[in-house]
Structures are given as structure tokens and as C-alpha cells.
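Single-letter residue listing:
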Amino acid sequence: MKKLKFILSGGGTGGHIYPAVAIANELKSRFPEADFLFVGADDKMEMQKVPQSGYKIEGLCIAGLQRKLTLQNAMFPFKLISSLWKSRKIIKKFKPDVVIGTGGFASGPLLQMANTLNIPTVIQEQNSYPGITNKLLSKKANKICVAYENLGRFFPKEKMILTGNPVRQDLIDIEGKRAEAIQYFNLDPNKKTLLVLGGSLGARRMNQLIEKELDKFIAQGVQIIWQCGKLYFEDYKKYNSNNVQVLAFIDRMDLVYAAADIVISRAGASSVSELCIVGKPVIFIPSPNVAEDHQTKNAQAIVDKKGALMLKESELDSQFSLVFEALLKDQGKQEQLSKYIKHLALPNATKEIVDEIVKLIQ
């Protein structure tokens with residue numbers, strides 16, 4: 001069998017990068033001799049994160065359109081033409097068997113050029129409401145791996161496969177890790193643990209909320225692991241105490257999920273998929289500052305199946321205390337949310353996505 005070659009593109013946020021790396025790792029485990037190349041956007045986090053995962057990456061000079069009139073928007077056509085030209089050059093030189101896109105600015109021109117050159121393409125759509133790039137690319141893609149049902153109004157139904165989103169393998173079974181987690185985070189096993197997840201950079205409005213509610217949490221006998229994000233750590237580290245752990249980021253997500261009794265989280269696609277698998281009661285606070293308001297739509301898809309609670313940022317001042325206290329006091333509600341969110345888990349996503357990729361090269 002000839003040596004296989006794969007190009008992957010996904011970036012801008014961890015939610016696009018991590019699935020691409022997970023897919024590459026699964027392909028590598030099946031085809032150890034294969035060659036891999038990632039393509040990202042020049043100034044985005046994938047240019048650091050992908051090499052840290054052991055893969056080569058090339059950058060395109062591409063950025064998204066802003067919502068208002070800016071110099072960056074005026075430059076967009078030139079950057080797009082440059083990125084299409086460079087994508088063609090990369091593909092011609094590397095000669096991939098399949099090109100895989102998991103979202104982010106760079107995946108648009110790369111997959112567009114792969115389609116033009118008749119190279120099989122696979123899109124992995126993480127959200128319940130796809131962005132414009134994947135909607136356009138879907139017309140010529142060979143396969144579209146989705147994480148939510150009912151996306152037929154956006155994509156050709158005959159190309160869609162419901163796989164779920166790739167998640168960290170160490171999250172698949174956290175059942176036996178609670179004792180280790182309590183010790184690792186130096187927690188009181190007799191107190192409820194609240195986990196707050198604002199994303200790797202942090203979420204300003206969520207951090208403001210937790211700061212305001214800290215005294216109430218402690219009075220309710222709750223201990224907090226508060227991942228405030230690296231942008232905000234200097235502002236909030238002063239709250240570290242016996243009952244509060246303020247962290248810029250969390251290395252052991254498996255243990256922090258094992259320790260948590262209740263989770264407050266943003267609703268990015270990767271976070272939602274992880275929370276379905278670990279099956280903890282969740283209050284989603286979607287970011288309103290993302291394209292197409294897709295975090296609200298991600299969270300709503302879980303809420304509609306009775307698997308989580310959701311509060312919009314505009315509702316926090318009036319409703320958060322009531323909603324949180326009611327959930328904290330209602331063990332039956334906590335168990336119900338855990339049960340229903342776990343029903344929505346798709347833990348074999350990475351394997352199933354790679355199965356679809358392999359079908360294109362056989």
C-alpha cells in the first residue's frame with residue numbers, strides 16, 4: 001500500500017484545533033507511516049498548539065470579515081486570493097489523499113482549493129448552527145461529519161454522518177477517578193464542588209458573576225474551582241483560599257470533571273460534547289459574542305432534551321442566584337440533568353470520523 005498523506009486544517013480557537021489533532025492522532029494510530037501536514041492562519045493559536053502536538057504546520061495570511069467597516073475588511077479579498085494561491089501550492093507539493101477541515105479561517109481557502117483540484121474533502125462541523133464557510137464548502141465536500149441532529153437545512157443530507165465531536169480520550173471514563181480528583185485538587189470530600197469554565201482565554205461576564213456570588217457560594221457550603229482564563233488570572237488570583245481555587249487553565253480536565261458536582265460553563269462545541277460525556281449537571285452561560293450566536297444554539301439543543309439549564313448573560317443579575325440555589329438544593333434535579341445529558345453523549349466520534357475518511361481512500 002502506498003504511503004498515505006493527509007492535510008488537516010482547523011484553528012482560531014481550541015474548539016477547532018483539538019478536533020483536528022484528535023483526528024490526526026487516530027489516523028496516525030491506524031497508519032503509522034502516513035505523512036501529516038496542518039494548515040492554519042498565520043497569527044492564530046494553531047501555529048503554536050499544532051507543533052506542540054507533534055505535527056508540522058504551514059500558515060496562510062487569512063482572517064475573517066469583521067462586522068463593521070475596517071481596514072481588515074478592505075484587505076480581505078487580497079488575503080483570500082493570496083490564501084487560495086498558497087493553498088494550491090501546498091496541495092500540489094504535498095499531494096494529499098484527503099483534506100480534512102474542522103473550521104477556522106484557514107480551512108475555507110484550503111478546502112475550496114482541494115475541491116477545485118478534485119481531492120476528497122471531509123468537513124467536521126462541531127456546532128448546531130454551522131458557519132458560512134462550512135455551508136459553502138459542503139456543496140463539494142465528500143463527507144460532512146456533524147455533532148448535532150437536524151442539520152439537513154444547512155447541508156446536503158446524503159453527505160451527512162452524525163458522529164459527534166472528538167473529545168479527550170481520558171474523559172470517556174471518569175467514574176473511578178473521584179478520590180484521586182479530591183486529593184489532586186485538595187478538596188473537602190464533604191462539600192459540593194462547583195466547577196466554573198470560561199474557556200482558555202476566559203469570559204469577562206462570567207468572571208464578574210462569580211466574583212459577585214463568591215460569598216454566597218461559600219455561605220452555602222460550596223467549594224469552587226474557578227478557571228478564569230489567562231487574560232483574567234492576575235485580576236482574580238487574589239480570591240484563592242481554602243474554598244476557592246482560581247486557575248488560569250486546567251491541565252487535568254479528567255480529574256476536574258470527576259471532582260465537580262455542578263458545572264457552570266460557556267457553550268462552545270467542544271465543551272458541550274465533553275459535558276455530555278462526563279454527565280454532570282450544567283448551567284450553560286453562552287457567549288453572545290460569537291458568529292451566528294452558535295453557543296446559544298448549542299446550549300439550546302441540550303436544554304431542549306432536558307439535559308441542562310441555560311441562562312443568557314442578560315439574565316444573570318436577575319436570575320442566577322435563584323436558579324443556582326434551586327439546583328444546589330435539589331438532588332433529584334441534579335441526577336435528572338446528569339442522566340439526560342449523558343444520553344446525548346457520542347463518545348466514539350473520533351473513531352467514526354476516521355472510519356469515514358478511510359472509506360475515501362480505499
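Here the structure is shown first, and the text comes after it.
Residues numbered from 1 in each chain as written. Predicted model: local features only at pLDDT ≥ 70, side-chain atom pairs only at ≥ 80, totals over all residues. Heavy atoms only, no water.

1. With respect to the packing of aromatic side chains
Ring pairs (aromatic) are described by centroid distance and by the angle formed between their planes. What counts is decided by this rule: Working definition: a ring pair exists when centres of Phe, Tyr or Trp rings (six-membered ring for Trp) sit within 6.5 Å. Plane angles under 30 degrees give stacked, over 60 give edge-to-face, the rest tilted. Numbering of helices and strands runs from the N terminus; a helix is a DSSP stretch of H or I covering at least four residues, while a strand is a stretch of E covering at least two. Think of it in three bands: with a 1.4 Å probe and only protein chains considered, a residue is buried below 20% of the maximum accessible area for its type, exposed above 50%, and partly exposed in between.
As enumerated under the stated definition, the model contains twelve aromatic pairs in all. Between Phe6 and Phe31, the aromatic rings sit 6.3 Å apart at their centres with planes inclined by 35°, giving tilted as the arrangement. On the criterion of sequence distance, the pair formed by Phe6 in strand β1 (residues 5-9) and Phe31 in the loop between α1 (14-30) and β2 (35-41) is long-range, its members being 25 residues apart. When its relative accessible area of 18% is taken as the criterion, Phe31 is described as buried. Look at Phe217 and Phe320: their rings are 6.2 Å apart centre to centre, the planes differ by 85°, and that puts the pair in the edge-to-face class. Of this pair, Phe217 sits in helix α7 (residues 204-219) while Phe320 sits in helix α12 (residues 316-329), and the two are 103 residues apart along the sequence. Taken as a pair, Phe217 and Phe320 share a single burial class, namely buried.

2. Describing the side chain of His294
To be explicit about the condition: The contact criterion used is simple: two residues touch if any of their non-hydrogen atoms lie within 4.5 Å.
Mapping His294 onto the fold places it in helix α11 (residues 294-303). Setting aside its immediate chain neighbours within four residues, His294 contacts Asn127, Ser128 and Tyr129.

3. Notes on helix α13 (residues 331-343)
Residues spaced three or four apart along an α-helix face the same direction, because each turn holds 3.6 residues. Condition: Given a helix with a known number of residues, its expected span is that number minus one, times 1.5 Å. Polar contact is the term for a pair of N or O atoms within 3.5 Å; when the atoms are in protein, one must be able to donate a hydrogen and the other to accept it, and sequence-neighboring residues count only if both atoms are side-chain atoms.
Here α13 contains 13 residues, and its C-alpha end-to-end distance of 19 Å stays within 8% of the 18 Å for a straight helix at 1.5 Å per residue. For α13, the N-terminal cap is Asp330; the gap from its side-chain oxygen to the backbone nitrogen of Gly332 is 3.2 Å.

4. Describing the nonpolar core
For clarity, the threshold we go by: Residues grouped as a nonpolar core are buried Ala, Val, Leu, Ile, Met, Phe, Trp, Tyr and Cys residues, joined through side-chain atoms within 4.5 Å.
Counting 35 residues, the largest nonpolar core has Leu195, Ile250, Tyr257, Leu275 and Phe284 as the members making the most contacts within it. Elements represented by at least two residues in this core include exactly α6 (178-184), β8 (192-197), α9 (253-259), α10 (269-278), β12 (282-284) and α11. Other than its neighbours up to four places away in sequence, Leu195 contacts Ile225, Ile250, Val256, Tyr257, Ala260, Ile262, Val263 and Ile264. In this structure, Leu214, Val244, Ile262 and Leu328 belong to the second largest nonpolar core, which totals 27 residues.

5. Some words on α10
Most of α10 is tucked away: nine of the ten residues are buried. Every buried residue of α10 is listed here: Ala269, Ser270, Val272, Ser273, Glu274, Leu275, Cys276, Ile277 and Val278. Looking at the buried positions of α10, the neighbouring elements they touch are α1, α9, β11 (262-265), β12, α11 and α13. Once α10 finishes, Gly279 follows within two positions and takes phi at roughly 65°, a positive value.

6. Some points on a positive patch on the surface
For clarity, the threshold we go by: Like charges within 9 Å and nonpolar side chains (Val, Leu, Ile, Met, Phe, Trp, Tyr) within 5 Å are joined into patches, using only residues over 30% in relative accessible area that form no salt bridge. Per-residue and other accessible areas follow the Shrake-Rupley method at a 1.4 Å probe size, with only the shown protein chains counted as cover for residues. A pairing counts as a salt bridge when a side-chain nitrogen of Lys or Arg comes within 4 Å of a carboxyl oxygen of Asp or Glu. Residues scored as charged are limited to Lys and Arg (positive) and Asp and Glu (negative), so that His and the chain ends carry no count. For this purpose, a charge sits on NZ of Lys, CZ of Arg, CG of Asp or CD of Glu.
Together, Lys56, Lys86, Lys89 and Lys93 make up a positively charged patch on the protein surface. Checked against the element boundaries, Lys86 lands in helix α3 (residues 71-94).

7. Quick notes on the sheet that holds strand β13 (residues 309-310)
Which entries qualify depends on this criterion: If DSSP finds at least two bridges between two strands, the strands pair.
In space, the six strands of this open sheet follow the order β10-β9-β8-β11-β12-β13, with parallel pairing throughout. Taken across any chain shown, the strands that pair with only one partner, and hence form the sheet edges, are β10 (244-247) and β13. Taken together, the four bridges between β8 and β11 define a ladder with parallel strand orientation. Paired with Leu194 across the strands is Ile262, a residue of β11.

8. A word on the pattern of salt bridges
Scanning the model with the defined rule gives 19 salt bridges in all. The partner of Glu26 in a salt bridge is Arg30, with the nearest N and O atoms 3.0 Å apart. Of this pair, Glu26 and Arg30 both sit in helix α1, four residues apart, roughly one helical turn. Among the residues examined, Glu26 registers a relative accessible area of 23% and is labelled partly exposed. When its relative accessible area of 29% is taken as the criterion, Arg30 is described as partly exposed. Of the charged contacts, one joins Lys177 and Asp254 as a salt bridge, the two residues approaching to 2.8 Å between their closest N and O atoms. Here Lys177, found in the loop between β7 (160-162) and α6, pairs with Asp254, found in helix α9; they are 77 residues apart in sequence, far enough to count as distant. Classification of Lys177 by relative accessible area gives buried; the value is 19%. Exposure remark for Asp254: the relative accessible area of 2% places this residue in the buried category. Salt bridges here are not isolated pairs; linked through shared partners, they connect Arg205, Lys212, Glu213, Lys216 and Asp317.

9. Section: the sheet that holds strand β5 (residues 121-125)
Basically, it comes down to this: Inter-axis angles, ranging from 0 to 180 degrees, are taken between N-to-C directions of lines fitted to C-alpha atoms, where helices are fitted over the stretch in contact.
Ordered in space as β3-β2-β1-β4-β5-β6-β7, the seven strands form an open sheet in which the pairing is parallel. Of all strands in the sheet, those with a lone pairing partner are β3 (57-60) and β7, marking the two edges. Adjacent strand axes in the sheet meet at a mean angle of 20°, parallel and antiparallel pairs treated alike. By the bridge criterion, four bridges tie β2 to β3 in an arrangement that is parallel. In the strand pairing of β3, Val39 is matched with Glu58.

In short, geometric facts, not functional conclusions.
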